[in-house]
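Observations on chain architecture
Residues per chain, in single letters:
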Amino acid sequence: MLWDNRSTIIPTELSSLKEKSDNNEIQTEDDLQKNKSSSSTLHPHDHHDHDHHDHVITVFSSIQGIAQSLHEADPTLPLQIIDDEQALGGYGGTVEFNPAALSPQSKYILKHATILISEPAVIASLLDYDEDALSSLRWCQSTYAGVDPLFNSAYFQQQRQQHQQQKQQQQQSSQPHNSNNNIISWKLTRFAGCFGPPISEWCIARIIEHERSFTSTLYDQQHKSWAGSKESVLNYRYLSKMTLVILGCGDIGRCIGKVAKVFGMRVIGYVRTLPSNDDEQRSRTDGTATDGGEKVSDVDEYTTDLTYALQSGDYVVSVLPSTPETRGLLSNDVLSIASKEKGGLSPVFINVGRGDVINEKSLVRALDEQWISGAILDVFEEEPLPTHSKLWSRSDVIVSPHVSGLTQSSDVPKVFLTNYQRYIDGKELNFVVDWGKGY
């Protein structure tokens, strides 16, 4: 292992190729093919016969410090960093990537990468630009929890269509066909298990901020007015008197519930299917399962009934991923069932999941009709939020630039290294995305 003059960790056996690329000696596809490592044809399960290149970890990310964190966690890791500021940049949850601006060196490394750490939006844009840009890839570790940019890409749509056509042809010929997982040949793993605490902190902070009217206090301070905003700062509710409804109870949703219960909130979780221990719980005819007498640490009650969920909460937080089943789930007049007129509490809606669970037109209508009393938004249907959006100027809306749970470079080793060892050992990876289900 060695560090080059741009603080890039590279395997020594690849350094000569990299030097050629730095000197623009590798410029054509013929040149690339001449220098291509033979290991790209090997299967990861044949790890005992692998060329060392097959285990090289390529890092191409807008998140600073990932390679450094991996190197500190395990100095023996073969790391290859692509540092191409002309093509890739960004901040927080916003990625700025132009695949057309990639240098020949970056294109070469990506084309021969077998293990890649990157953002889903980067991979989607890259493959839309050149479907062969990652022709050697076997495993991509996402740096984000959400992977919907890949499923929304033209590349994926084309691959899925081809897969469906092949499936139909195989069915007609009575030949066995591949599963949905083989729509794309390489594996994608989610960045799971790290976002629960920061997103929980953000949600609870926003709830407290909203109840205690911190913005009004700031306004009063700026205008030197003691308790000038009396209606706002003197009237608030205890969290222990309120119910929080969580739409989507994966690891992030359950973590939000756990923190909310520390403050005494009642927590209801809306899920697609009830938890596996339902046999030990009382079941209600409306599809809701309640605690069977034993204390539930994260969620007091689970339900599959969206109407019941939306009508029960003082605050409703969506942690739903972007899937065919969740896109537009709350659009049109769905939130009307949360209104006081229909038995609801006109809750404050918080979204830290995906912006496409409700379109902006529907959200604005829900606010105008007072089906909901406010919206605290960290994700949007379109990001960055366009300047012409009506959400910017509404006093009943909080706009946050997708920062509730940012990937910290120090978290990457905790997620990646276990799977890396499993990859080397030829075992199934954890947190693998199902190409057929969309998550």
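The rules we used
- Residues numbered from 1 in each chain as written.
- Predicted model: local features only at pLDDT ≥ 70, side-chain atom pairs only at ≥ 80, totals over all residues.
- Heavy atoms only, no water.
- Helix = DSSP H or I, 4+ residues; strand = E, 2+ residues; numbered from the N terminus.
- Buried < 20%, exposed > 50% of the residue type's maximum accessible area, 1.4 Å probe, protein only.
- Areas by Shrake-Rupley, 256 points an atom, 1.4 Å probe, with all protein chains shown as cover.
- Salt bridge = Lys/Arg side-chain N within 4 Å of Asp/Glu carboxyl O.
- Axes fitted to C-alpha atoms, helices over the stretch in contact; angles between N-to-C directions.
- Parallel < 35°, antiparallel > 145°, perpendicular 65-115°, else oblique.
- Left-handed = near helix turned anticlockwise from the far one by under 90°.
- Contact = heavy atoms within 4.5 Å.
- Pairing = 2+ DSSP bridges.
- Nonpolar A, V, L, I, M, F, W, Y, C, P; charged D, E, K, R; others polar.
- Phe/Tyr/Trp six-rings, centres within 6.5 Å; stacked < 30°, edge-to-face > 60°.
- Right-handed = clockwise from strand over helix to strand, strands pointing away.

Helices and strands together make up the secondary structure of the protein chain, namely 14 helices and 18 strands. With 439 residues in all, the protein chain has 50% of them scored as buried. If you sum the accessible surface of the protein chain, you get close to 21900 Å²; carbon and sulfur atoms cover 46% of it.

Moving on, we get to the pattern of salt bridges. Throughout the structure, instances matching the rule amount to ten salt bridges. Of the charged contacts, one joins Asp148 and Arg354 as a salt bridge, the two residues approaching to 2.7 Å between their closest N and O atoms. Here Asp148, found in helix α6 (residues 148-151), pairs with Arg354, found in the loop between β16 (348-351) and α13 (360-368); they are 206 residues apart in sequence, far enough to count as distant. With respect to class, Asp148 is no different from Arg354; both count as buried. With a closest N to O distance of 3.6 Å, Arg327 and Asp356 form a salt bridge. Taken as a pair, Arg327 in the loop between β15 (315-318) and β16 and Asp356 in the loop between β16 and α13 lie far apart in primary sequence, 29 residues in all. Of the residues examined, Arg327 reaches a relative accessible area of 32% and is grouped as partly exposed. Judged by relative accessible area, which is 21%, Asp356 ranks as partly exposed. Shared partners join several salt bridges into a network, and the residues in it are Glu211, Arg237 and Asp314.

What follows concerns the packing of helix α8 (residues 196-212) against helix α11 (residues 251-262). Angle between the axes and distance between the axes are the two parameters that describe a pair of packed helices. At a closest axis distance of 8 Å, the pairing of α8 and α11 adopts a crossing angle of 50 degrees. The orientation of α8 relative to α11 falls into the category oblique. When you trace α8 past α11, the crossing you get is right-handed. Here Gly196, Pro197, Ile199, Ser200, Cys203 and Ile204 of α8 come into contact with α11, specifically with Ile252, Cys255, Ile256, Val259 and Ala260.

Next up on the list: the sheet that holds strand β3 (residues 57-59). Where strands meet in a sheet, backbone hydrogen bonds hold them as pairs that are either parallel or antiparallel. Overall, parallel pairing links the five strands, which are arranged β4-β3-β7-β8-β9 in an open sheet. For this open sheet the edge positions go to β4 (79-81) and β9 (187-189), each flanked by a neighbour on one side alone. Averaged over all pairs of adjacent strands, the angle between strand axes in this sheet comes to 20 degrees, irrespective of strand direction. Pairing analysis gives three bridges linking β3 to β4, with the strands arranged parallel. Considered in β4, the bridge of Val59 is made with Ile81. Contacting β7 (115-118) and β8 (139-142), helix α5 (residues 120-129) runs over the sheet at an angle of about 115 degrees to β7.

Let us look at the pairing of strand β17 (residues 374-377). Judged by which residues are buried, β17 turns out to be covered on both faces: Gly374 and Ile376 on one side and Ala375 and Leu377 on the other are all buried. Two strands pair when backbone bridges link them, and β17 and strand β18 (residues 397-399) are joined in this way by three bridges, in the parallel orientation. By the bridge assignment, Ala375 is partnered in β18 with Val397.

It is worth spelling out the packing of helix α3 (residues 66-73) against helix α14 (residues 412-424) at this point. Contact pair α3 / α14: the axes reach a minimum separation of 10 Å and the direction vectors enclose 60 degrees. In the crossing of α3 with α14, the sense of the turn from one axis to the other is right-handed. When α3 is examined against α14, the residues Ile66, Ser69, Leu70 and Ala73 are found in contact with a partner set consisting of Val412, Pro413, Phe416 and Leu417. A class-by-class count of the residues in the contact of α3 with α14 yields seven nonpolar, one polar and no charged.

This part takes up unusual backbone geometry. A negative phi angle characterises most non-glycine residues, just as the trans form characterises most peptide bonds. With an omega of -10 degrees, the peptide bond running from Glu383 to Pro384 counts as cis. As for its placement among the helices and strands, Pro384 is situated in the loop between β17 and β18. Backbone geometry places Ala227, a non-glycine residue, at a positive phi of 50 degrees. Positioned with a positive phi, Gln370 is a non-glycine residue whose angle comes to about 60 degrees. Here Gln370 shows up in the loop between α13 and β17. Look at Gln370 and you get exposed, because its relative accessible area is 58%.

This part covers the packing of aromatic side chains. If you walk through the whole model with that rule in mind, you get nine aromatic pairs. When the centroid spacing of 5.5 Å and the interplanar angle of 25 degrees are considered together, the rings of Phe416 and Tyr420 count as stacked. Of this pair, Phe416 and Tyr420 both sit in helix α14, four residues apart, which is roughly one turn of the helix. Among the residues examined, Phe416 registers a relative accessible area of 0% and is labelled buried. By the ring-pair criterion, three or more aromatic residues cluster together here, those being Trp139, Phe416, Tyr420 and Tyr423.

Residues Ile115 and Ile117 of β7 are buried on one face, and the alternating residues Leu116 and Ser118, pointing to the opposite face, are buried as well. Where β3 lies against β7, three bridges are found, and the strand directions are parallel. Bridging across to β7, Val59 finds its partner in Ile117. The sheet contact formed by β7 and β8 spans four bridges and is parallel. The residue bridging Ile115 from the neighbouring strand is Trp139, located in β8. Taken together, β7, α5 and β8 constitute a β-α-β crossover, and its handedness is right-handed.

The next point concerns the side chain of Ser153. Among the secondary structure elements, Ser153 is positioned in the loop between α6 and α7 (154-172). Among all residues touching Ser153, those that are not within four sequence positions of it are Ala124 and Asp128.

Read these as layout, nothing more, since geometry by itself doesn't imply function.
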